[in-house]
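What follows is each chain in one-letter form.
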There are 2 protein chains.
Amino acid sequence: MVRAGIERAGRILDAAAGLIARYGYDKTSVSDIARTAGIAKGAVYQEFASKEAVLEALLLRQTHRLARTTTEAVTADPQGGRLSAIYRHALEALAADPLMRALYTADSQTLGDLVRGYGPERYAPRQRWAVAFVVRMQEAGLIRTDLDAQSVAHVLAIISTGLISIESTVGSEAAPPLESTLDAVAALLAGGFEGDADADPTEGRRAFTDFIATPLSGDGTQSPEPTG
Amino acid sequence: MVRAGIERAGRILDAAAGLIARYGYDKTSVSDIARTAGIAKGAVYQEFASKEAVLEALLLRQTHRLARTTTEAVTADPQGGRLSAIYRHALEALAADPLMRALYTADSQTLGDLVRGYGPERYAPRQRWAVAFVVRMQEAGLIRTDLDAQSVAHVLAIISTGLISIESTVGSEAAPPLESTLDAVAALLAGGFEGDADADPTEGRRAFTDFIATPLSGDGTQSPEPTG
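In this text, all values refer to a predicted model and were calculated from it rather than measured experimentally.

Asker: Describe the pattern of salt bridges, naming the residues involved and giving the relevant values.
Answerer: Overall, the coordinates contain 20 salt bridges over all chains when judged by the stated rule. Between aspartate 146 of chain A and arginine 144 of chain A there is a salt bridge, with the nearest N and O atoms lying 2.8 Å from each other. Classification of arginine 144 of chain A by relative accessible area gives partly exposed; the value is 22%. Measuring nitrogen to oxygen at the nearest pair gives 3.2 Å for the salt bridge that ties glutamate 203 of chain B to arginine 136 of chain B. With glutamate 203 of chain B in helix α11 (residues 201-213) and arginine 136 of chain B in helix α8 (residues 120-139), this pair connects stretches of sequence that are 67 residues apart. One continuous salt-bridge network, built from bridges that share partners, spans Arg88, Glu92, Glu179 and Asp183 of chain A.

Asker: Pulling in residues and values, what's your account of the UniProt feature "DNA-binding region" (unreviewed entry) in chain A?
Answerer: Those residues carrying the UniProt feature "DNA-binding region" (unreviewed entry) are residues 29-48 of chain A in this numbering. Summarising residues 29-48 of chain A: 75% helix, 0% strand, and an end-to-end C-alpha distance of 13 Å.

Asker: Hey, could you go over α11 of chain B for me, with residue numbers and the actual values?
Answerer: Counting along an α-helix, one turn takes 3.6 residues, and residues three or four places apart therefore face a common direction. Residue and element names in this part refer to chain B. Between its terminal C-alpha atoms α11 stretches 19 Å, which fits the 18 Å expected from 13 residues at 1.5 Å a residue. Among the residues making up α11, those that are buried are Pro201, Gly204, Arg205, Ala207, Phe208 and Phe211. When α11 is viewed along its axis, its buried side chains cluster within an angular range of 160° and face the same direction.

Asker: Please provide a residue-by-residue account of the packing of aromatic side chains, values included.
Answerer: By the definition in use, this model includes 8 aromatic pairs over all chains. Summarising the aromatic geometry, the rings of tryptophan 129 of chain B and phenylalanine 133 of chain B are spaced 6.2 Å apart at their centres and angled 15° between planes, so their arrangement reads as stacked. Residue tryptophan 129 of chain B and its partner phenylalanine 133 of chain B are both found in helix α8; the two are separated by 4 residues, about one turn of the helix. Each member of the pair, tryptophan 129 of chain B together with phenylalanine 133 of chain B, is buried. Chaining the aromatic ring pairs together yields one cluster made of Trp129, Phe133, Phe208 and Phe211 of chain A. Its guanidinium or amino end placed over the ring of tyrosine 25 of chain B, lysine 51 of chain B lies 4.2 Å from that ring's centre, counting from NZ or CZ.

Cut-offs and rules
- Residues numbered from 1 in each chain as written.
- Chains lettered and ligands numbered in written order.
- Predicted model: local features only at pLDDT ≥ 70, side-chain atom pairs only at ≥ 80, totals over all residues.
- Heavy atoms only, no water.
- Salt bridge = Lys/Arg side-chain N within 4 Å of Asp/Glu carboxyl O.
- Buried < 20%, exposed > 50% of the residue type's maximum accessible area, 1.4 Å probe, protein only.
- Helix = DSSP H or I, 4+ residues; strand = E, 2+ residues; numbered from the N terminus.
- UniProt positions renumbered as here; feature names shortened; annotations may be inferred.
- Expected span 1.5 Å × (residues − 1).
- Arc of directions from axis to C-beta.
- Phe/Tyr/Trp six-rings, centres within 6.5 Å; stacked < 30°, edge-to-face > 60°.
- Lys NZ or Arg CZ within 6 Å of the ring centre and 35° of its normal.

Here it is, written out as structure tokens:
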């Protein structure tokens, strides 16, 4: 029964992901999700309390997928443990994800309301995670130590938020090719935030994969709860 | 008659700025603007064709004010001509502006729709301006020349967009103090984008003030057209 629930929850999330990427969150209803998943509307409510709960579970699943994609790219790259490389791989994964792009551009207001609704405590675990990662990179000599870790982590979050949300103010047609933008971001981080040029990038790769393996939060709301 | 129209247009913009900063663009009506400005609703329409035209004129005026504030700060700062200093002063002015913050956080969807409605040609003049500024800074040795100017300009735009829009996903309570964030951004740019450490910052100040004095666009839609 539990396995059937997990499978059904996954099918609901797949349906929701396709619809949201195509039409946006606001224009996607629970009925649409049920129809696309090929199940009854009531069955969606057996898995998720609300459309908002579907979005939350979807965001969590997508975050885990982005983390996995980034980890694979970081592991395959000989220089993958440098901050500039880790961040470049993460931004590439983020920019290539149609669901995340749709949510951050067309539905930024929706996401904003959702996140604001949780209050600062909701974002705090992710932030602590990022700060702890920066500290470990500093200890490994891979991020300069004369800047405080919280500000470095926040600036990295600002760059990823900006990369995704600039599309809604500039439009992707007017922007330079993504590859050139990412080259410039990587050069910026390499010159501006990286530490000792002789530091061993292997340690950065280990720091990143360790941190990816750490659960983001212990608040109990981060995984779809199969009830069926 | 023309001067009276300009004065009245200014009063309308002041009223709109206060209302939008407080309640957001969507919740502000032309009637509200007229009431706050102490004039009849019809008089607003004598100055501006629509609420959207008010917003457009307001954005233009606010952009000019931000440019003036930034120029003053750049001029007063002995190191003001360095990229890191120029950009820091610009971000400080932007972050301190309640109207711009309100528009970019609560009303980001509205702004996005407005800008997308214009198509890429609308953003193009601002972008050309930024690229030309980067090229001149590169010629002066104040920005490294191994990165293409378009990408550098775009990354700078990404950072300012991210700084403003991260509030809607993180909330300002969870962010580190603005000063520390700006310190980290300045350090990032100084190490990552600035050129020759011996380059003369005076040339950067001149480049910035020259560019600020250049009209952003010749499309004829950028100033309030007094018709009364």
